[in-house]
Amino acid sequence: ATHLALRLASLATARTSRAMTDTWHLSAVASLVENLDKRLLVALRDGSNIIGTLRSFDQFANIVLESAVERIIVGKMFSDIPLGLYIVRGENVVLMGDVGANGDLDGTEGLIEVDNAEIIRAREADQTAEAMKGDILKRMDFLDE
């Protein structure tokens with residue numbers, strides 16, 4: 001009898017857990033529905049930021065962005081690299097937020113817009129500097145502790 005009671009309790013817990021997961025999943029999907037046809041900033045796992053109009057999504061939170069651009073910020077400079085129609089796999093999305101129809105909430109206050117070639121050069125220089133910094137720290141044995 002105790003074994004049966006434990007088994008029933010286990011099944012009830014599994015059902016509750018599944019229901020909670022389904023509820024969370026449904027609320028996440030409902031959140032995407034509310035953002036259809038809105039201009040969003042999407043932060044991805046690789047650190048890139050994509051801005052575009054949410055046109056479609058599926059049950060895995062894969063999304064389709066129209067008129068998408070990659071927003072690159074280096075120091076006080078930024079540029080938007082045009083991407084066009086862009087599909088993002090849901091597992092790569094870290095965060096999404098509305099930037100407003102006019103881009104008035106896009107976070108560029110205090111930044112200087114530069115052309116695409118200049119921002120790419122600045123990003124490469126920044127990545128090279130970070131790599132050199134890492135090499136220097138390794139040579140000084142700070143990372144071996």
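That block above? That's the structure.
Just so it is clear, the structure is predicted and the values come from calculations on it, not from any experiment. Position numbers for residues start from 1 in each chain and track the written sequence from start to end. Thresholds applied to this predicted model are a pLDDT of at least 70 for local features of residues and 80 or more for the giving and counting of side-chain atom pairs; totals over whole chains, interfaces and linings are not thresholded and use all residues. Excluding hydrogens and water, the side-chain values take into account all heavy atoms of the structure.

Caption draft 1: Expanded view of unusual backbone geometry. Here Ala61, not a glycine, exhibits a phi torsion of approximately 65°, which is positive. Relative to the helices and strands, Ala61 is located in the loop between strand 2 (49-57) and strand 3 (63-74). The phi angle at Ser67 is positive, at roughly 55°, despite the residue not being glycine. Each helix corresponds to a stretch of at least 4 residues labelled H or I by DSSP, and each strand to a stretch of at least 2 residues labelled E; elements are numbered beginning at the N terminus.

Caption draft 2: Spatial organisation of the pairing of strand 3. One ladder, built from 7 bridges, connects strand 2 with strand 3; its direction is antiparallel. Bridging across to strand 3, Ile51 finds its partner in Val69. Counted between consecutive antiparallel strands, the loop separating strand 3 from strand 4 (residues 77-88) contains 2 residues, among which Gly75 sits at a positive phi close to 60°. Strand pairing is defined by DSSP finding a minimum of two bridges between the two strands.

Caption draft 3: Layout of the pattern of salt bridges. The term salt bridge refers to a pairing of a side-chain nitrogen on Lys or Arg with a carboxyl oxygen on Asp or Glu at a separation within 4 Å. This structure, assessed with the given rule, holds 5 salt bridges. The residue Arg55 makes a salt bridge to Glu66 at a minimum N-O spacing of 2.6 Å. Of this pair, Arg55 sits in strand 2 while Glu66 sits in strand 3, and the two are 11 residues apart along the sequence. Each residue is placed in one exposure class: buried if its accessible area under a 1.4 Å probe, protein chains only, is under 20% of its type's maximum, exposed if it is over 50%, and partly exposed if it falls in between. Classification of Arg55 by relative accessible area gives partly exposed; the value is 38%. Judged by relative accessible area, Glu66 falls into the partly exposed class, the value being 32%.

Caption draft 4: Structural detail: the nonpolar core. Formed by Leu32, Leu40, Val42, Leu44, Ile50, Leu54, Ile63, Leu65, Ala68 and Val88, the largest nonpolar core amounts to 10 residues. Here, residues are in contact when the closest pair of their heavy atoms is within 4.5 Å. Once residues within four sequence positions are removed from consideration, Leu44 is found in contact with Ile50, Val88, Asn92, Val93 and Val94. As used here, the term nonpolar core means buried Ala, Val, Leu, Ile, Met, Phe, Trp, Tyr and Cys residues forming a set that is joined through side-chain atoms within 4.5 Å. Ile72, Val74, Ile81 and Val114 belong to the second largest nonpolar core, which has 6 residues in total.

Caption draft 5: Fine view of the layout of surface pockets. The volume enclosed by the second largest pocket comes to roughly 160 Å³. Every residue lining the second largest pocket is listed: Asp46, Gly47, Ser48, Asn49, Glu70, Arg71, Ile72, Ile73 and Arg123. When residues in the lining of the second largest pocket are grouped by element, the largest group, 4 residues, is from strand 3. Cavities and pockets were defined on a 1 Å grid built over protein atoms only: a cavity is a set of grid points that admits a 1.4 Å probe from which the probe cannot escape, a pocket is an open set flanked by protein on both sides within 12 Å along at least five of seven lines, and lining residues are those with an atom within 4 Å of any such point. Grid points are joined across faces, edges and corners, and a volume is the space filled by probe spheres set on the points.

Caption draft 6: Up close: the side chain of Arg71. On the secondary structure map, Arg71 appears in strand 3. Arg71 sits in the buried class, given a relative accessible area of 7%. Reaching out from Arg71, the side chain makes a polar contact with the side chain of Asp80 at a distance of 2.4 Å. Residues adjacent in sequence count toward polar contacts only when both atoms are side-chain atoms; beyond that, a polar contact is any pair of N or O atoms within 3.5 Å, and within protein one must be able to donate a hydrogen and the other to accept it.

Caption draft 7: Summary view of the sheet that holds strand 2. Strand order in the open sheet formed by 6 strands is 5-1-2-3-4-6, and the pairing between neighbours is mixed. Of all the strands in the sheet, just strand 5 (93-98) and strand 6 (112-113) have a single pairing partner and so form its edges. Alignment of strand 1 (residues 39-44) against strand 5, held across 5 bridges, turns out to be antiparallel. Bridging from a neighbouring strand, Leu40 pairs with Asp98 of strand 5. Lines are fitted to the C-alpha atoms to define the axes, a helix being fitted only along its stretch in contact, and any angle between axes, read from their N-to-C directions, falls within 0 to 180 degrees. The sheet strands contacting helix 2 (residues 116-139) are strand 3 and strand 4, and the helix crosses strand 4 at an angle near 100°.

Caption draft 8: The side chain of Glu70, seen in detail. Relative to the assigned elements, Glu70 resides in strand 3. Setting aside chain neighbours within four positions, we find Glu70 in contact with Ser48, Asn49, Ile50, Ser79, Asp80, Ile81, Leu83 and Arg123.

Caption draft 9: Broad picture of the environment of Ser67. Among the structural elements, Ser67 can be located in strand 3. Since its relative accessible area comes to 46%, Ser67 is described here as partly exposed. The spacing of Ser67 and Arg39 is 28 residues in sequence and 9.4 Å in space, taken between C-alpha atoms. Setting aside anything within four residues of it in sequence, one finds Ser67 in contact with Arg39, Ile51, Gly52 and Gly84.

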